[in-house]
Amino acid sequence: IGLSILSQNFDNVLALDNDKYLLSQAKKFCEFDNVDFILHDFYEAPLNKKYSSAVCFDVISSIPKEFEDSFLGNVAKSLNSDGVLVIGTQNKLTTKYSKKENLLEQPNFKTYEDLRDYVSDKFENTIILSMNDETIHTGKRENAQYFLAIGFHPLR
């Protein structure tokens, strides 16, 4: 879903994954010719080239805790000094309403405070927005279904 939105609003989009099969499926079903696909593991290293922005929807929840610091650090190192990160995740407080089997592959959801601290550790400025259905807002963070964190200016 995110790839479709980004492809329609940006001239060039780079789609990355560390899973060869998932990347091939995304490429197979992509309807846009302004998207390039790269197999890359942010657990291991940053990209060789610097970019202006990075978007990660529903990624952090799948990252094992032992890799989350290297993941975000390498994403931040892949951005220009004025780069922007947008990262989204389900609110950990709402996972009590999720089916337990759905949480097995996504063990790393964040609360508002967890996400703020996580992004602020690698970016100079951080804004966290709450989301319910299609409404983005700044209030009622305890009841939000989803959070969008925006990190500005990666720390060096």
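Throughout what follows, the structure given in this document is the object of discussion. Fair warning: this is a prediction, and the values are worked out from it, not measured in the lab. (Residues numbered from 1 in each chain as written. Predicted model: local features only at pLDDT ≥ 70, side-chain atom pairs only at ≥ 80, totals over all residues. Heavy atoms only, no water.)

Some remarks on the overall build of the protein
Helices and strands together make up the secondary structure of the protein, namely five helices and seven strands. For the protein, the succession of helices and strands along the chain, N to C, is α-β-α-β-β-α-β-α-α-β-β-β. The C-alpha radius of gyration of the protein comes to 15 Å, within 12% of the 15 Å expected for a compact globule of 156 residues. A burial count over the protein gives 34% of its 156 residues as buried. Nonlocal contacts in the protein, meaning residues at least 24 apart in sequence, comprise 64% of its contacts between residues at least 6 apart. As presented, the protein carries roughly 9800 Å² of accessible surface, and 51% of it is formed by carbon and sulfur atoms. Across the protein, the mean location of the 17 positive side-chain charges is 3 Å away from that of the 23 negative side-chain charges. (Helix = DSSP H or I, 4+ residues; strand = E, 2+ residues; numbered from the N terminus. Rg over C-alpha atoms; globule rule 2.2 N^0.38 Å. Buried < 20%, exposed > 50% of the residue type's maximum accessible area, 1.4 Å probe, protein only. Contact = heavy atoms within 4.5 Å. Areas by Shrake-Rupley, 256 points an atom, 1.4 Å probe, with all protein chains shown as cover. Lys, Arg positive; Asp, Glu negative; His and termini not counted. Charge placed at Lys NZ, Arg CZ, Asp CG, Glu CD.)

Quick notes on the pairing of strand 3 (residues 51–57)
Here strand 3 pairs with strand 4 (residues 79–90) via six bridges, running parallel. Bridging across to strand 4, Val55 finds its partner in Val86. A crossover links strand 3 with its parallel partner strand 4, the connecting element being helix 3 (residues 65–77), and its sense is right-handed. (Pairing = 2+ DSSP bridges. Right-handed = clockwise from strand over helix to strand, strands pointing away.)

Things to note about unusual backbone geometry
Even without a glycine there, the phi angle at Asp58 is positive, about 55°. For Asp58, the position within the fold is in the loop between strand 3 and helix 3.

Concerning the pattern of salt bridges
What the rule picks out here adds up to four salt bridges. With a shortest N-O distance of 3.2 Å, Asp117 and Arg116 are connected by a salt bridge. The exposure class of Arg116 is partly exposed, given its relative accessible area of 32%. Between Asp121 and Lys122 there is a salt bridge, with its nearest N and O atoms 3.5 Å apart. Judged by its relative accessible area of 46%, Asp121 falls in the partly exposed class. Each of Asp69, Asp121 and Lys122 takes part in one network of salt bridges that share partners. (Salt bridge = Lys/Arg side-chain N within 4 Å of Asp/Glu carboxyl O.)

Re the nonpolar core
Core analysis: the largest hydrophobic core is formed by 23 residues, its most contacted members being Phe71, Leu85, Ile87, Leu115, Tyr118, Val119 and Phe123. Elements with a contribution of two residues or more to this core: strand 3, helix 3, strand 4, helix 5 (112–120), strand 5 (123–132) and strand 7 (146–154). Residue contacts for Leu115: discarding those within four places in its chain leaves Ile87, Thr89, Lys110, Ile128, Phe147 and Ala149. The next biggest cluster of nonpolar side chains, apart from the first, holds five residues, and it includes Ala15, Leu23, Val35 and Phe37. (Core = buried A, V, L, I, M, F, W, Y, C linked by side-chain atoms within 4.5 Å.)

Details of the pairing of strand 5
In this sheet, strand 7 lies alongside strand 5 in antiparallel orientation, the contact comprising eight bridges. Looking across to strand 7, one finds that Leu129 is bridged to Leu148. Across three bridges, the pairing between strand 5 and strand 6 (residues 135–137) is antiparallel. Paired with Met131 across the two strands is Ile136, which belongs to strand 6. Hairpin connection from strand 5 to strand 6: two residues lie between these consecutive antiparallel strands, with Asp133 at a positive phi of about 50°.

Purely spatial values, then, with no claim about function.
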